[in-house]
Amino acid sequence: MTTATLGSAVRSGFQRWQFWLLLLVLGLLSVMLVQAMAEEDMDRYGLENTSLDGYAALAQVLADQGVTLHPATSAQTAGELMQEHPEAALVVLSRGDVPDEEFLAQLREGSDRPVVLLDESAQLVSALFLEGEVSYAGAHAGGGPAEEATLDAGEQCPLPGAVDARDLRAPGALFYSEDPGCFTGFEDGAGPAQALVETPAGLLFGAPEAFSNHDITEAGNAALALSLFGEREDLIWYTPMRLDAMGAEDWASPVDLLPGWVIPLAWWLLLCALVLMLVMGRRPGPVVGEPLPVRVPGAETAEGRGRMYQSANAVEASAQTLRSAHLIRLARLLRLGSAPDESSILEAAARQVRRDPAEVAGLFAQRPRNNAELVGYAQALTSLEQDAERAVLTVHTRARNVPAQPDHPPGPASDSPADLRSDVQQNPPPEHPARLSAREEPQQ
């Protein structure tokens, strides 16, 4: 199959199914729009996210225990909630973003309220502990056999809630700290690497995955969650966003505020559009003329051709079309036959309108150079045709009004041959001048 045949087949198939394809695209766009506008929480570790990486189960358990959650997505909102609920506990969940410097300074100073810091990476730790009293030690995979993936609280653990939970099974981060902690992953020259440590800013826990819908039922994860978050009746849940770390002079790109799937989808749609343009833009061969299955009035065709000539500024072609049309109508008007030549038409028209044939021939020989001259040229041709039409109409009118005369009109009915002879004798006809001169010659 050649490229031209393939392109023709693709184009034919697209024309046949274009309605359904358009309907499918509109349906997909509608679904995406509905999902984008939906209020359902799809964020990782979201309190209303019911998927495997959400915290909906944890939020429901805390609500059953009488804990009221107060979500906050900005440092300003978190500060307002802290002033509104001075006895409330505070949770700072970092998913790669950190709060602004003012909020971090407030955390470094410490607080009377319980504070839990959830961070599975080194961003929050590096930004909060500038002097290195707490540092990132590495990652805990949390996979493999149960005995290898499970971390024990350990005898050195100073937190009763962690001791009651006994063990932890979830991937996350481990930290070095000067103070003893819980759930030791490994120990080296820098000290024990632990998932839960006490810091001046609050409790730092490196495995927030343990409280997700997927892992909260593993080992002692649920008991640890209740001990960390169920201490107070009000719990402020602050999730830092990227805008928190920007200053007043920083500029935020709108692309940063879009979901992660928007950019790949945009590139995919652009690629599909380019392929569609390539397929639809290819010409498999020369244009083939076909008779139209409908009849188009001549006036519409003439008007369309005139507009086309006008848009193309085709003065010469327009003048030639006008000359041809007027010659055809003059030939029919003067009844010059089926195929008279141009000179015969011009001579007959000049005789009919009583003009000089050279003048009429010069009119048809003119070549307009612009639209203004073309308008005057068209008016002159129209005037000539109208004069010829009036002349022909006048001749036909006169012919109908004049009565027919006989060649030898009969005399009065009372005239008889005898009367005619007596009339001739009484009134003889005059003789020819040549005969009179011949009779007078002998008397001379």
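Definitions and limits used
Residues numbered from 1 in each chain as written. Predicted model: local features only at pLDDT ≥ 70, side-chain atom pairs only at ≥ 80, totals over all residues. Heavy atoms only, no water. Helix = DSSP H or I, 4+ residues; strand = E, 2+ residues; numbered from the N terminus. Buried < 20%, exposed > 50% of the residue type's maximum accessible area, 1.4 Å probe, protein only. Contact = heavy atoms within 4.5 Å. Areas by Shrake-Rupley, 256 points an atom, 1.4 Å probe, with all protein chains shown as cover. Pairing = 2+ DSSP bridges. Axes fitted to C-alpha atoms, helices over the stretch in contact; angles between N-to-C directions. Parallel < 35°, antiparallel > 145°, perpendicular 65-115°, else oblique. Left-handed = near helix turned anticlockwise from the far one by under 90°. Nonpolar A, V, L, I, M, F, W, Y, C, P; charged D, E, K, R; others polar. Expected span 1.5 Å × (residues − 1). Salt bridge = Lys/Arg side-chain N within 4 Å of Asp/Glu carboxyl O. Phe/Tyr/Trp six-rings, centres within 6.5 Å; stacked < 30°, edge-to-face > 60°. Core = buried A, V, L, I, M, F, W, Y, C linked by side-chain atoms within 4.5 Å. pLDDT = per-residue confidence, 0-100.

Novice: Just give me the short version of the overall build of the chain, but keep the residues and values in it.
Specialist: Tallying secondary structure elements over the chain gives 16 helices and 11 strands in all. Expressed as a percentage of its 444 residues, the buried residues of the chain come to 30%. Taking all contacts inside the chain whose residues are at least 6 apart in sequence as the whole, residues at least 24 apart take part in 63%. Total accessible area computed for the chain in this model is approximately 29,200 Å², and 56% of it derives from carbon and sulfur atoms.

Novice: Lay out the pairing of strand β8 (residues 181-188) in plain terms, naming residues and giving numbers.
Specialist: Note: β8 against strand β9 (residues 191-199), 6 bridges, orientation antiparallel. Looking across to β9, one finds that Asp188 is bridged to Gly191. Adjacent in sequence and paired antiparallel, β8 and β9 are bridged by 2 residues.

Novice: Would you mind going over the packing of helix α11 (residues 315-334) against helix α12 (residues 342-353) in detail, with residue names and values included?
Specialist: Axes are the key here: two packed helices are described by the angle between their axes and the distance separating the axes. In contact at an axis separation of 10 Å, α11 and α12 are set at 60° when each is read in the N-to-C sense. When the interaxial angle is binned, α11 and α12 end up oblique. The interaxial crossing formed by α11 with α12 has left-handed handedness. The segment α11 lies against α12, with Leu327, Leu330, Ala331 and Leu334 engaging Glu342, Ile345, Leu346, Ala348, Ala349 and Gln352. Taken together, the residues of the contact of α11 with α12 break down into 8 nonpolar, 1 polar and 1 charged.

Novice: Summarise the packing of α12 against helix α13 (residues 357-364); cite the residues concerned and give the values.
Specialist: Where α12 contacts α13, the axes come no closer than 8 Å and their chain directions differ by 130°. Between α12 and α13, the angle falls in the class oblique. Note on packing geometry: the crossing formed by α12 with α13 is right-handed. Contacts between α12 and α13 involve Glu342, Leu346 and Ala350 from the former and Pro357, Val360, Ala361 and Phe364 from the latter. Residue classes in the contact of α12 with α13 are distributed as 6 nonpolar, no polar and 1 charged.

Novice: Can you lay out α12 for me, pointing to particular residues and giving the numbers?
Specialist: Helical geometry: 3.6 residues make up each α-helical turn, so side chains three or four residues apart lie on a common side. When the terminal C-alpha atoms of α12 are compared, their 17 Å separation across 12 residues agrees well with the 16 Å that a helix rising 1.5 Å per residue should span. Regarding α12, the residues found buried are Ile345, Leu346, Ala348, Ala349, Ala350 and Val353. The first or second residue beyond α12 is Arg354, which carries a positive phi of 55°.

Novice: Help me get a handle on the pattern of salt bridges, residues and values and all.
Specialist: For side chains bearing opposite charge, pairing can occur when the charged atoms are close. A full pass over the atoms with the stated rule returns 10 salt bridges. Put simply, Glu303 and Arg307 hold a salt bridge, and the shortest N to O gap is 3.2 Å. Note that Glu303 and Arg307 are positioned in helix α10 (residues 298-312) at a spacing of 4 residues, about one turn of the helix. You can call Arg307 exposed: its relative accessible area is 55%. Measuring nitrogen to oxygen at the nearest pair gives 3.0 Å for the salt bridge that ties Glu373 to Arg369. According to the relative accessible area criterion, Glu373 is partly exposed, its value standing at 30%. The exposure class assigned to Arg369 is exposed, which follows from its relative accessible area of 69%. Within this structure, Arg44, Glu120 and Glu209 form a network of salt bridges that share partners.

Novice: Help me get a handle on the packing of aromatic side chains, residues and values and all.
Specialist: Enumeration according to the criterion identifies 7 aromatic pairs in this entry. Consider the rings of Phe205 and Phe211, whose centres lie 5.3 Å apart with planes at 25°: the pair is stacked. Each member of the pair Phe205 and Phe211 is classed as buried. Three or more aromatic residues joined by ring pairs form one cluster here, namely Tyr45, Tyr55, Phe205, Phe211, Phe229 and Trp237.

Novice: Could you give an account of unusual backbone geometry, with specific residues and numbers?
Specialist: The phi angle at Phe183 is positive, at roughly 60°, despite the residue not being glycine. Among the structural elements, Phe183 can be located in strand β8. Owing to a relative accessible area of 0%, Phe183 belongs among the buried residues under this scheme. Its identity is not glycine, yet Arg354 carries a phi of approximately 55°, on the positive side. One can find Arg354 in the loop between α12 and α13.

Novice: Please provide a residue-by-residue account of the nonpolar core, values included.
Specialist: Formed by 40 residues in total, the largest nonpolar core has its most connected members in Phe183, Phe211, Leu224, Phe229 and Trp237. In terms of residue count, the dominant contributor to this core is helix α8 (residues 221-229) (4 residues). Met82, Leu107, Val115 and Val134 belong to the second-largest nonpolar core, a separate cluster that totals 27 residues.

Novice: Which residues make up α10, and what values do they have?
Specialist: For α10, which comprises 15 residues, the first-to-last C-alpha distance of 21 Å matches the rise-based estimate of 21 Å (1.5 Å per residue) to within 8%. With 0 of 15 residues buried, α10 lies mostly on the surface of the structure. A positive phi of about 55° marks Asn313, the residue just after α10.

Novice: Outline the confidence of the model for the chain, listing residues and values.
Specialist: Within the chain, residue pLDDT values average 79, and 77% of them lie at 70 or more. Put simply, helix α16 (residues 433-439) is where the chain has its lowest mean pLDDT, 36, and strand β11 (residues 234-238) is where it has its highest, 92. In the model, residues 410-444 has pLDDT below 50 throughout and makes 3 contacts with residues more than four positions away in sequence or in other chains.

Novice: An account of the environment of Arg166 is needed here, citing residue identities and associated values.
Specialist: Tracing the chain through its elements places Arg166 in the loop between α7 (160-165) and β6 (167-169). Sequence spacing of Arg166 and Asp152 is 14 residues, and the spatial spacing of their C-alpha atoms is 5.9 Å. Leaving out residues up to four positions away in the same chain, Arg166 has contacts with Leu151, Asp152, Ala153 and Phe183.

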